[in-house]
Amino acid sequence: VTSPAAQFEVTVEANSAEYTYDGQKKEVSGFTNETDEGIAVTVGGVAYRVTGLSASAERTDAGSAVSYVMGTPTVLDAQNNNVTELFHVKPVNGTLTVKQRTVTLTSASATREYTGEALVAHGVTVSGDGWAAGEGAVYAYSGSQTLVGSSPNYFTATPDQNTKAGNYRMKL
């Protein structure tokens, strides 16, 4: 917002935040240097405050959302005088980022003496950030060893019905 009589420019920056996905809604709101009385700005060593603006964003799944600066700014001096006409208020939007969880899946392994029967190891160890509460995968296994020697123990992981693959970065 710019008045033809504007002599000063001040920047107000919406807060930004970054979280790792956990299945819960995340939010960001407000501004850098915001107090209960407004957004504190200083010009030439003189303190002012900007009111009348808001900014917020919310997101649950991995990705980003913009916290847009909304409203009409009012600039007040220390005596609570409206000096808006002297200012150009430059808004800077914030960002809410929800990062993917890293899930590392490691196949189980097993050893034993030769018995003539197939050796199988059906199991997966989950590490890294792990699955968010109530989320996970269904595992299917293929691999066995009957003769003396070794072989890979393969598995596949399919996100279960409560799990969105895009919220995870899976490492096998």
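Note: the structure precedes this text.
Every chain's residues receive numbers from 1 upward, in the order its sequence appears when written. Given that this is a predicted model, residues contribute local features only at a pLDDT of at least 70 and side-chain atom pairs are listed and counted only at 80 or more, while totals for whole chains, interfaces and linings are drawn from all residues. By convention in this description, side-chain values take in all heavy atoms of the structure and omit both hydrogens and water.

### Considering the side chain of R101
1) Next: Turning to its location among the elements, R101 is positioned in strand β10 (residues 101-107).
2) Next: Among the polar contacts listed, one links the side chain of R101 to the backbone oxygen of D129, at a separation of 2.5 Å.
3) Next: Within the local environment of R101, its side chain forms a polar contact with the backbone oxygen of G130, the two atoms lying 2.8 Å apart.
4) Next: Any pair of residues with heavy atoms lying within 4.5 Å of one another is described as a contacting pair. Other than its neighbours up to four places away in sequence, R101 contacts T20, Y21, D22, D129, G130, W131, A132, N167, Y168 and R169. The helix count covers DSSP runs of H or I at least four residues long, the strand count covers runs of E at least two residues long, and both are numbered beginning at the N terminus. In the analysis that follows, any N or O atom pair within 3.5 Å is treated as a polar contact, provided that within protein one partner can donate a hydrogen and the other can accept it, and provided that, for residues neighboring in sequence, both atoms belong to side chains.

### A short note on the nonpolar core
In globular proteins that are soluble, nonpolar side chains generally tend to be buried together.
1) Next: Grouped together as the largest cluster of nonpolar side chains are 16 residues, with contacts concentrated most on V12, F31, V50, L53, F87 and V89.
2) Next: When residues of this core are traced back to their parent elements, those giving at least two are β1 (8-13), β5 (38-43), β6 (46-59), β7 (63-76) and β8 (87-92).
3) Next: Looking at this core, the element that brings in the most residues is β6, giving four residues.
4) Next: If we ignore the near neighbours within four places in the chain, the residues touching V50 are V12, G38, I39, V41, P73, T74, V75 and V89.
5) Next: Nonpolar cores were defined as sets of buried Ala, Val, Leu, Ile, Met, Phe, Trp, Tyr and Cys residues, with membership established by side-chain atoms within 4.5 Å. Each residue is placed in one exposure class: buried if its accessible area under a 1.4 Å probe, protein chains only, is under 20% of its type's maximum, exposed if it is over 50%, and partly exposed if it falls in between. Listed in part, the nine residues of the second largest apolar core include W131, A132, F155 and Y168.

### Re the environment of E9
1) Next: Position of E9 relative to the elements: it lies in strand β1.
2) Next: Residue E9 is classed as exposed on the basis of its relative accessible area of 52%.
3) Next: Here the alpha-carbon distance between E9 and V89, two residues 80 residues apart in the chain, equals 5.9 Å.
4) Next: For E9, the contacting residues outside a window of four places in its chain are H88 and K90.

### Focus: the layout of surface pockets
1) Next: Buriedness for pockets is judged along seven lines, at least five of which must meet protein on both sides within 12 Å for an open set on the 1 Å grid over protein atoms alone, while cavities are sets there where a 1.4 Å probe fits but cannot get out, and lining residues have an atom within 4 Å of a point. Grid points are joined across faces, edges and corners, and a volume is the space filled by probe spheres set on the points. Roughly 360 Å³ of internal volume is contained in the largest pocket.
2) Next: A110, T111, L119, Q145 and G149 are the residues nearest the centre of the largest pocket, which is lined by 23 residues in total.
3) Next: Under the grouping applied here, Gly and all other residues not named as nonpolar or charged are polar, the nonpolar ones being Ala, Val, Leu, Ile, Met, Phe, Trp, Tyr, Cys and Pro and the charged ones Asp, Glu, Lys and Arg. Of the residues contributing to the lining of the largest pocket, the split by class is nine nonpolar, 11 polar and three charged.

### Examining unusual backbone geometry
1) Next: At N33, a residue that is not glycine, the phi angle is positive and equals roughly 65°.
2) Next: Tracing the chain through its elements places N33 in the loop between β3 (26-29) and β4 (34-35).
3) Next: Residue class for N33 comes out exposed when judged on its relative accessible area of 52%.
4) Next: One non-glycine residue, N80, lies in positive phi territory at about 70°.
5) Next: As for its position among the elements, N80 is in the loop between β7 and β8.

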